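Residue strings, one per chain:
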Amino acid sequence: MISDALAAATLRREFTDAAVWLALHDADPRDGATELPVPRQWAVFAEPVGREVSLAERPIWDPMPAARVTHWSAWDAVDGGGVKWTGRFERPITVAAGDGFRIPEGSLTLYFE
């Protein structure tokens, strides 16, 4: 297990002080699910608190295709690049074609256990 200080420093370096883009998925990207056909959105993260860091601003995808959004991934580039972190939403979110999709600030939190 890493220390709280090292966890906070890592989260700050990789998320708060770095360029991060979020992608949306309709299945687990760790199982090979591809991104939904919408551009990645810039993500701004707050200062880490202890062993976690949260979104500071709402990324918005608008308009969206009809989709069932279940997972997200954080990337180090708007196109291509490398995956920094992946996660799932608490429950699947159904989006109608043409609607927007927003992740409210503070509602997506990354943490070290």
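Note: the structure precedes this text.
Residues numbered from 1 in each chain as written. Predicted model: local features only at pLDDT ≥ 70, side-chain atom pairs only at ≥ 80, totals over all residues. Heavy atoms only, no water.

Novice: Help me out: how do you make sense of the layout of surface pockets in this one?
Specialist: One simple way to see leftover space: roll a probe sized like a water molecule over the atoms. When its volume is computed, the largest pocket comes out at roughly 520 Å³. As for the largest pocket, its lining consists of 20 residues, and the residues nearest its centre are Trp72, Arg88, Phe89, Glu90 and Ser107. Listing elements by their share of the lining of the largest pocket, those giving two or more residues are strand S6 (83-95), strand S7 (101-102) and strand S8 (109-111). Considering every element that reaches the lining of the largest pocket, the biggest residue donor is S6, with eight residues. For the lining of the largest pocket, a count of residues per class yields eleven nonpolar, four polar and five charged. (1 Å grid on protein atoms, 1.4 Å probe; cavity = no way out; pocket = protein on both sides within 12 Å on 5 of 7 lines; lining within 4 Å. Points joined across faces, edges and corners; volume = space filled by probe spheres on them. Helix = DSSP H or I, 4+ residues; strand = E, 2+ residues; numbered from the N terminus. Nonpolar A, V, L, I, M, F, W, Y, C, P; charged D, E, K, R; others polar.)

Novice: Looking at this model, I keep getting lost on the packing of aromatic side chains. Mind explaining?
Specialist: Ring pairs (aromatic) are described by centroid distance and by the angle formed between their planes. Here the structure, examined in full by the defined rule, presents six aromatic pairs. Ring geometry for phenylalanine 15 against phenylalanine 45: centres 5.3 Å apart, planes inclined by 65°, an arrangement best described as edge-to-face. Of the two residues, phenylalanine 15 sits in helix H1 (residues 4-16) while phenylalanine 45 sits in the loop between strand S2 (41-42) and strand S3 (52-54), which places them 30 residues apart along the sequence. Of the two residues, phenylalanine 15 and phenylalanine 45, both sit in the buried class. On the numbers, 5.9 Å between centres and 75° between planes, the contact of phenylalanine 89 with phenylalanine 101 is edge-to-face. Taken together, the residues phenylalanine 89 in strand S6 and phenylalanine 101 in strand S7 connect sequence positions twelve residues apart. Among the residues examined, phenylalanine 89 registers a relative accessible area of 14% and is labelled buried. Taken together, the ring pairs connect Phe15, Phe45, Trp85 and Phe112 into an aromatic cluster. When the ring centre of tryptophan 75 is taken as origin, the NZ or CZ atom of arginine 40, which lies over that ring, is 3.7 Å away. Its end group placed over the ring of phenylalanine 15, lysine 84 keeps NZ or CZ at 5.5 Å from the ring centre. (Phe/Tyr/Trp six-rings, centres within 6.5 Å; stacked < 30°, edge-to-face > 60°. Buried < 20%, exposed > 50% of the residue type's maximum accessible area, 1.4 Å probe, protein only. Lys NZ or Arg CZ within 6 Å of the ring centre and 35° of its normal.)

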